[in-house]
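Each chain, written out:
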There are 2 protein chains.
Amino acid sequence: MFAEIITVGDELLTGNTVDSNSAFIAQKLTERGFWVRRITTVGDDIEEIKSAVKEALSREPEVLIIAGGLGPTHDDVTMAAVAQALNVGLELREEVIEKIRVFYRGLYEEGVVDDPNLNEARIKMAYLPKGAEVLDNSVGAAPGAYFKYNSTEVFVLPGMPREMRTMLENEVLPRLGKRKFIQEKLLAEITDESKLAPLLNEVLGRFNVKIHSSPKGFGKYIGIIIFGESEEEIKRAKKFMEKRGLRFENV
Amino acid sequence: MFAEIITVGDELLTGNTVDSNSAFIAQKLTERGFWVRRITTVGDDIEEIKSAVKEALSREPEVLIIAGGLGPTHDDVTMAAVAQALNVGLELREEVIEKIRVFYRGLYEEGVVDDPNLNEARIKMAYLPKGAEVLDNSVGAAPGAYFKYNSTEVFVLPGMPREMRTMLENEVLPRLGKRKFIQEKLLAEITDESKLAPLLNEVLGRFNVKIHSSPKGFGKYIGIIIFGESEEEIKRAKKFMEKRGLRFENV
């Protein structure tokens, strides 16, 4: 059961913004027991987004989370690109328009925008891919979208961290059901790095676990994350490594 | 002239580490006049890295920078994966071995490692794809690699930020020659977002410039980066937009 993440935004490709969104999403999915296999970042360009989405779907992840490019500005084109990738049109969601109207009325009253009224750009946010479920954005204007494509659950979220995080917690994770994997973080002592590889490979063969090592470096210890379907299986794998002389410190 | 970036590391896919490397590389390439079109992040897995490298090369970027997975630990497999993606073998670089020996001697004297001697894992870092040029790592053990693949200049760098940044400055940028594009950052005042799109599209048609807008939001201003081959062309594009009623503030 693996997942993929696509983040969208020119500001990520110019390096003006560090992509903390993908790390946040990856962390939540990992805690949830998903194996994040790839993160792709593209700009606010319909063709680029479309290709990235098609390529991700072709790898058939269980979950695909797309974040960024849902706003009112001219280059927020993610929903249009996703609709094209799925060969479906965009459809106006009447139920969303009123929320957008209220949101801008609020911004106007706070003096953030000069014009409280709906305009083409603001109404654009009410267009979702045909058949998609609306994901409520309780802290912003643009709603998200959720749909199932073959075996993949696809979630489209805004890129503003506050909105993305709120919606991930409230709209995405509840739809993913309860976690299936358990993870344990450990520090393994290294005296000879070259002895570690064969041991870890043997563990992967003997036990029903996956191992992420992180972070890497030149120290005496290497961080290891063991994923397993049960506490017991992780314990067994850990004991096996200890029997082979690997020393752990819990993190 | 566009560029792509691939970052490698399980810690990026678990969200334990925020990928600041790709933002740093993207910023340097953008300043240099390269259009970063895609950033891909994969784990320390030969097959995943190999696929990402092959896919990037198939899009024929002018520059491809790959960062991460060059260390001594079992899961540092980037050089092996790159070599496979190119269908070339790895070859031991005698000239690198002595540098690695000296580096670990130093770590041993600082008490960072227990064993000053070379071992299989440390020697692994001296293996580079056949035909690649060695990129000197003045602050770490693992050298980088540089080679030309069809029309693409490929650079493979370590993932530790201090090493990656030093090598990007000292080994990569000098090989890219002098910058070809100029960029100007501006803040454009927005009263009606829907008026901005047609104007920017007209500018892209009339002038030899590219426009990144960043960051996005609900404020009265939107950040815009204009790229052009000359100051003059950027000035002309800016004047044109001002004539059409767009107000700018320099950043």
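Residues numbered from 1 in each chain as written. Chains lettered and ligands numbered in written order. Predicted model: local features only at pLDDT ≥ 70, side-chain atom pairs only at ≥ 80, totals over all residues. Heavy atoms only, no water.

For the rest of this paragraph, the subject is the relation of the copies chain B and chain A. Mapping one chain copy onto the other needs a rotation about an axis and a shift along that axis. For the pair chain B and chain A, the relating rotation is 180°, the translation along its axis is 0.0 Å, and the fit reaches an RMSD of 0.1 Å. Such a combination of turn and shift is consistent with a two-fold rotation axis. When each C-alpha of chain B is compared by its distance to the rotation axis, B:Thr40 comes out closest, at 2.3 Å. When the interface residues of chain B are mapped onto chain A, 99% of them are again interface residues, pointing to one common binding face. (Least-squares fit on C-alpha atoms with pLDDT ≥ 70 in both. Contact = heavy atoms within 4.5 Å.)

In this structure, A:Ile6, A:Val53, A:Ile66, A:Tyr104 and A:Val156 are the most contacted members of the largest nonpolar core, which totals 34 residues. At the level of elements, strand S1 (2-8), helix H3 (46-58), strand S3 (63-67), helix H4 (78-85), helix H5 (94-109), strand S7 (144-149) and strand S8 (152-157) of chain A are the ones that each hand at least two residues to this core. Tallying contributions element by element places H5(A) first for this core, with 6 residues. Those residues in contact with A:Val156 that sit more than four places away from it in its chain are A:Ile66, A:Leu70, A:Thr78, A:Met79, A:Val82, A:Leu135, A:Gly144, A:Ala145 and A:Phe147. Counting 33 residues, the second largest nonpolar core, distinct from the first, contains B:Ile6, B:Leu70, B:Val77 and B:Val96. (Core = buried A, V, L, I, M, F, W, Y, C linked by side-chain atoms within 4.5 Å. Buried < 20%, exposed > 50% of the residue type's maximum accessible area, 1.4 Å probe, protein only. Helix = DSSP H or I, 4+ residues; strand = E, 2+ residues; numbered from the N terminus.)

At the junction of the two partners, chain B supplies 69 residues and chain A supplies 68 residues. Taking both partners together, chain B and chain A bury about 5600 Å²; carbon and sulfur atoms supply 55% of that area. Linking chain B with chain A are 5 salt bridges, by the criterion used here. Of the charged contacts, one joins B:Glu55 and A:Arg38 as a salt bridge, the two residues approaching to 2.8 Å between their closest N and O atoms. When residues of the side of chain B that touches chain A are assigned to their parent elements, the largest contribution, 7 residues, is made by strand S2 (residues 35-42) of chain B. Grouping the constituent residues of the side of chain B that touches chain A by class yields 26 nonpolar, 23 polar and 20 charged. With 5 bridges joining them, strand S2 (residues 35-42) of chain A and S2(B) adopt antiparallel strand pairing. (Buried area = accessible area lost by both parts, 1.4 Å probe. Salt bridge = Lys/Arg side-chain N within 4 Å of Asp/Glu carboxyl O. Nonpolar A, V, L, I, M, F, W, Y, C, P; charged D, E, K, R; others polar. Pairing = 2+ DSSP bridges.)

Here the focus is the domain arrangement of chain A. One can read the domain layout of chain A as domain 1 (2-176) and domain 2 (182-250). Computed from C-alpha atoms alone, the centre-to-centre distance between domain 1 of chain A and domain 2 of chain A is 36 Å. (Domains from an automatic or database assignment.)

Moving on: the pairing of S2(B). Residues and elements named next belong to chain B. With 7 of 8 residues buried, S2 is to be regarded as a mostly interior element. As paired elements, strand S1 (residues 2-8) and S2 share 7 bridges and run parallel to each other. Residue Phe-2 lies in a different strand from S2, and its bridge partner there is Trp-35.

Here we take up a nonpolar patch on the surface. Residue and element names in this part refer to chain A. Together, Leu-90, Leu-92 and Tyr-127 make up an exposed nonpolar region whose accessible area comes to about 210 Å². Tracing the chain through its elements places Leu-90 in strand S4 (residues 90-92). On the accessibility criterion, Leu-90 (34% relative accessible area) is partly exposed. (Patch = residues over 30% accessible without salt bridge, like charges linked within 9 Å, V, L, I, M, F, W, Y side chains within 5 Å. Areas by Shrake-Rupley, 256 points an atom, 1.4 Å probe, with all protein chains shown as cover.)

Residue and element names in this part refer to chain B. With 13 residues, helix H3 (residues 46-58) extends 18 Å between its outermost C-alpha atoms, agreeing within 8% with the 18 Å of an ideal straight helix rising 1.5 Å per residue. Along H3, the residues that are buried comprise Glu-48, Ile-49, Lys-50, Ala-52, Val-53, Ala-56 and Leu-57. For H3, the N-terminal cap is Asp-45; the gap from its side-chain oxygen to the backbone nitrogen of Glu-47 is 2.9 Å. Downstream of H3 by a residue or two, Glu-60 has a phi angle that is positive, lying close to 50°. (Expected span 1.5 Å × (residues − 1). Polar contact = N/O pair within 3.5 Å; in protein donor to acceptor, adjacent residues only side chain to side chain.)

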